[in-house]
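In case you want the letters, here they are:
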Amino acid sequence: MSKTIKRVLISRAEIDQMCRRLGEQITHDYAGKEIILIGVLKGAFIFMSDLARYIGVPCRIDFMSVSSYGSGTRTSGVVRITKDLDTDITGKHIIVVEDIVDTGLTLKHLRELLSTRNPASIALCTAFDKPDRRKVEIMVEYTGLQIPDEFIVGYGLDFDGKYRNLPDVSVLGDDN
Ligand code: 5GP
């Protein structure tokens, strides 16, 4: 069965408002400090670039890429780094930028992993959050929008590598 776009869930205008709000909040919270934004590839690449333009404190950017070990569709929560940071984060204020938090396993593991490198502080920022799907308790300091338990694509999020370029966030469903 193939998948198609069912409907737009979050418009470009709502996304822009969300980025502005998060950027202003981060600017306020980190006043007088320098930060490193760490985008989790590939999903966060568009959100990261929009968010960065609303942040008014000195800011470096870096990216990392991870894949989770698991069998089939089940994630184990053990994350393998497939592209590591170029930056030494020791003593730095870092904000990890994700596209979406689902079970929470990826970000929980990433926080633990990056903490071992002794940054001055670590915060998590996600564009979207599906709280109904959470499997582990996790503190996310900056959340854009909470969404229902539906599979979304667009604005960086993919299905089978496609749809990342869609400017809105849409719900994907079975084509029947
Ligand atoms: P978690 O470890 O929180 O379960 O997984 C987060 C990752 O699962 C996200 O970075 C994303 O790659 C993927 N994911 C979770 N929900 C969705 C969704 O609704 N749409 C898409 N395209 N990816 C999702």
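Here, the structure is the one placed above.
Criteria and thresholds
- Residues numbered from 1 in each chain as written.
- Predicted model: local features only at pLDDT ≥ 70, side-chain atom pairs only at ≥ 80, totals over all residues.
- Heavy atoms only, no water.
- Near = heavy atom within 4 Å.
- Polar contact = N/O pair within 3.5 Å; in protein donor to acceptor, adjacent residues only side chain to side chain.
- Areas by Shrake-Rupley, 256 points an atom, 1.4 Å probe, with all protein chains shown as cover.
- Helix = DSSP H or I, 4+ residues; strand = E, 2+ residues; numbered from the N terminus.
- Nonpolar A, V, L, I, M, F, W, Y, C, P; charged D, E, K, R; others polar.
- Core = buried A, V, L, I, M, F, W, Y, C linked by side-chain atoms within 4.5 Å.
- Buried < 20%, exposed > 50% of the residue type's maximum accessible area, 1.4 Å probe, protein only.
- Contact = heavy atoms within 4.5 Å.

A. Broad picture of the site of the ligand. Around the ligand there are 15 residues in total, and Thr 103, Thr 106, Lys 130, Ile 152 and Asp 158 lie nearest to it. Glu 98 is positioned with one of its side-chain polar atoms (N or O) 3.2 Å from an oxygen atom of the ligand. Here Thr 103 contributes a side-chain N or O atom positioned 2.4 Å from an oxygen atom of the ligand. For the ligand, whose unbound accessible area comes to 510 Å², protein coverage reaches 82%. Broken down by secondary-structure element, the contributors of at least two residues to the shell around the ligand are strand 5 (93-101) and helix 3 (105-115). Top contributing element to the shell around the ligand by residue count: strand 5, with 4 residues. Among the residues making up the shell around the ligand, the classes are represented as 6 nonpolar, 3 polar and 6 charged.

B. Structural context of the nonpolar core. Of all hydrophobic cores here, the largest spans 29 residues; its most connected members are Phe 47, Ile 95 and Phe 128. Listing elements by their share of this core, those giving two or more residues are helix 1 (12-29), strand 2 (35-41), helix 2 (45-52), strand 5 and strand 6 (121-129). The element best represented in this core is helix 1, accounting for 5 residues. Not counting residues within four places of it along the chain, the set of residues in contact with Ile 95 comprises Ile 26, Tyr 30, Ile 35, Ile 36, Leu 37, Ile 38, Ala 123 and Cys 125. Judged by nonpolar contacts, the second largest core, of 18 residues, contains Ile 38, Val 40, Val 79 and Ile 89.

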